[in-house]
Amino acid sequence: QVQLVESGGGLVQSGGSLRLSCAATGFPFSTYAVSWYRQAPGKERELVAAITSAAGSTNYADSVKGRFTISRDNAKNTVYLQMNSLKPEDTAVYFCDAEGWKIDSIVRYWGQGTQVTVSS
């Protein structure tokens, strides 16, 4: 059964840090690119960070560049998002998204999300 489970969210003060984890099962994780998205109340879901299957390329939203770091450990089927210097505007539900090929089509798997709340 395909599953992506996010963890590591919580309540922190402005300037604090959190590390989110996304654990994957049921599909060839190592061949999939993985992204972190977030969605705040009343806003559209936005891309935060992305990493290729080979971990040779990463992308970050301008709003988090220099503060967040995405990484992956394929041996553990896990992707991480290290979040430093957190700001109240980082408050959102954070989702893990895995993308890859299945036969001749692109597939996407989403986790259920983990809440991050940053107080001012």
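Conventions and cut-offs
Residues numbered from 1 in each chain as written. Predicted model: local features only at pLDDT ≥ 70, side-chain atom pairs only at ≥ 80, totals over all residues. Heavy atoms only, no water. Buried < 20%, exposed > 50% of the residue type's maximum accessible area, 1.4 Å probe, protein only. Helix = DSSP H or I, 4+ residues; strand = E, 2+ residues; numbered from the N terminus. Pairing = 2+ DSSP bridges. Disulfide = S-S within 2.5 Å.

**Here's the deal with the pairing of strand S7 (residues 68-73)**
Here's step 1: Of the two faces of S7, only the one carrying Phe68, Ile70 and Arg72 is buried; Thr69, Ser71 and Asp73 on the other face are not.
Here's step 2: As defined by bridge partners, S7 adjoins strand S8 (residues 78-83) across six bridges and the pair is classed as antiparallel. Bridge pairing in S8 links Arg72 to Val79.
Here's step 3: In this structure, the hairpin formed by S7 and S8 is closed by a connection of four residues, where Asn77 is found at a positive phi of approximately 50 degrees.

**Comments concerning the state of the cysteines**
Here's step 1: Overall, the coordinates contain one disulfide when judged by the stated rule.
Here's step 2: Here Cys22 engages in a disulfide with Cys96; their sulfurs sit 2.0 Å apart. The disulfide joining Cys22 to Cys96 has a torsion of about -80 degrees about its S-S bond and is therefore left-handed. Pair noted here: Cys22 is in strand S3 (residues 18-25) and Cys96 is in strand S9 (residues 92-102), with a separation of 74 residues, a long-range link. By the burial criterion, Cys22 is buried, and Cys96 matches it.

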